[in-house]
Amino acid sequence: MLEVRIIGGMIGLLFHVVIIFVLVSFIRRRTNPGMPRGGYCLARTRERLICLVWAVLLIFFAVCLGVYSFVLLTEDKDGWDYMNYIYLVIGLLGMAVCTVAGIYEGYTAIRDFLFPEKSRLAASIRSQLPHPDLAPGIQELFSIVDQDIEKNGEWFGKVAVGREWVLGDEASYIPHIRAVFGRDEVQTHHTGRGTQLRRIVQIYIVDNRRQVQITSLQNPRKLHLLLSCLRLRAPLAYFGDYREYSGYCHKTDTEWSAMERDFQRRLSQMKYEDEARRRTRY
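Along each chain, the written sequence defines residue order, and numbers are assigned to residues from 1. For this predicted model, a pLDDT threshold of at least 70 governs which residues receive local features, and a threshold of 80 or more governs which side-chain atom pairs are given and counted, while totals over whole chains, interfaces and linings are taken from all residues. With hydrogens and water excluded, all non-hydrogen atoms of the structure serve as input to the side-chain values.

Trainee: So, the overall build of the protein: which residues are in play, and what are the values?
Mentor: Secondary structure follows DSSP: runs of H or I at least 4 residues long count as helices, runs of E at least 2 residues long count as strands, and numbering of each begins at the N terminus. When helices and strands are counted, the protein shows nine helices and eight strands. When the 282 residues of the protein are sorted by exposure, 33% land in the buried category. Pairs at least 24 apart in sequence give 58% of the contacts found in the protein among residues at least 6 apart. Counting only carbon and sulfur atoms, one obtains 60% of the accessible surface of the protein, whose full area is about 18400 Å². We call a residue buried when its accessible area falls under 20% of the maximum for its residue type, exposed when it is over 50%, and partly exposed in between, using a 1.4 Å probe and counting protein chains only. Contact definition: two residues touch when any of their heavy atoms are within 4.5 Å. Only the protein chains shown count as cover for residues, and the accessible areas themselves come from Shrake-Rupley with a 1.4 Å probe.

Trainee: Go over the packing of aromatic side chains with me, naming the residues and quoting the values.
Mentor: Aromatic pairing here means that ring centres of Phe, Tyr or Trp (its six-membered ring) are within 6.5 Å. Orientation follows from the plane angle: under 30 degrees is stacked, over 60 is edge-to-face, and everything else is tilted. According to the stated counting rule, one finds 12 aromatic pairs in the structure shown. A ring pair is formed by Tyr 40 and Trp 155, whose centres lie 5.3 Å apart and whose planes are at 55°; its orientation type is tilted. Separated by 115 residues along the polypeptide, Tyr 40 in helix 2 (residues 40-47) and Trp 155 in strand 1 (residues 154-156) bring together distant segments of the chain. Judged by centre distance (5.1 Å) and plane angle (45°), the rings of Trp 165 and Tyr 173 are tilted. It is Lys 118 that lies over the ring of Phe 115; its NZ or CZ is 5.2 Å from the centre. Here the basic side chain of Arg 178 rests over the ring of Phe 263, its NZ or CZ set 3.7 Å away from the ring centre. Geometrically, a lysine NZ or arginine CZ counts as sitting over a ring once it is within 6 Å of the ring centre and also within 35 degrees of the ring normal.

Trainee: Give a description of the sheet that holds strand 5 (residues 177-191) that names residues and reports values.
Mentor: At least two DSSP bridges between two strands are required for those strands to pair. Across the sheet, which stays open at both edges, the four strands sit in the order 7-6-5-8 with mixed pairing between neighbours. The outermost strands of the open sheet, each flanked by one partner alone, are strand 7 (212-216) and strand 8 (238-241). Across this sheet, the average inter-strand angle for adjacent strands is 20°, counted without regard to direction. Structural elements are reduced to axes, namely lines fitted to C-alpha atoms, with helices fitted over the stretch in contact, and the angle between N-to-C directions of any two is expressed from 0 to 180 degrees. Together, strand 5 and strand 6 (194-207) form the strand contacts of helix 9 (residues 253-281), whose direction differs from that of strand 5 by roughly 125°.

This is the structure we're talking about:
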């Protein structure tokens with residue numbers, strides 16, 4: 001029991017530290033709406049610390065399921081039927097899944113906070129450079145996006161759109177964007193206590209490597225404004241509804257190559273028309 005109390009105390013302390021950090025960050029953003037110290041990208045990696053809350057909750061659920069499974073294992077099984085064994089298996093599997101997920105969430109949150117150069121955001125920027133192996137240090141790497149957002153950025157909730165970069169949970173280089181899908185749907189779950197509604201607001205950005213950046217938003221109106229802005233910044237990209245997302249991502253290599261050739265053809269035509277308009281001005 002002493003060990004359980006110690007673990008519970010440590011989890012509670014960690015939970016309060018994360019909450020205080022999030023509140024301080026929120027107050028700083030309210031009082032200083034400009035670029036945060038260290039830049040937008042560094043601030044985004046520090047915000048990942050909030051995931052420790054989810055990690056703690058997952059570990060808590062794992063402990064609860066572990067206790068539940070332990071109680072079942074110590075019971076007399078003479079009167080058990082197949083449902084009792086199903087409950088036991090569900091408890092053990094749930095404990096394993098929650099433990100792995102909690103450890104992973106906690107590890108990535110601490111990694112991104114302490115070592116931003118190893119974060120998903122840094123990896124997404126680095127991978128879209130002409131020569132990822134020759135990418136600069138983390139400060140210069142983040143400044144590539146920060147400078148664009150500071151000079152040209154428009155904010156839509158947690159997503160910023162610059163002239164060359166989109167900053168969400170990860171970063172997308174606008175010339176590489178091939179498709180954008182908006183998701184605004186309400187999911188209904190029927191439980192014993194009634195009906196629960198959950199609204200999902202997300203944006204999916206697919207680039208020329210068939211990589212996807214997914215960012216969740218809170219306000220559906222921000223999503224529609226974000227899509228309108230991206231239509232102006234990436235006019236050649238395909239814009240569709242979330243129902244089209246799966247079919248788009250599962251196109252064959254032949255279909256993808258054909259779309260890429262068509263994209264490059266339209267890009268060349270657009271550049272030619274822009275150059276022709278410049279010449280007529282002079």
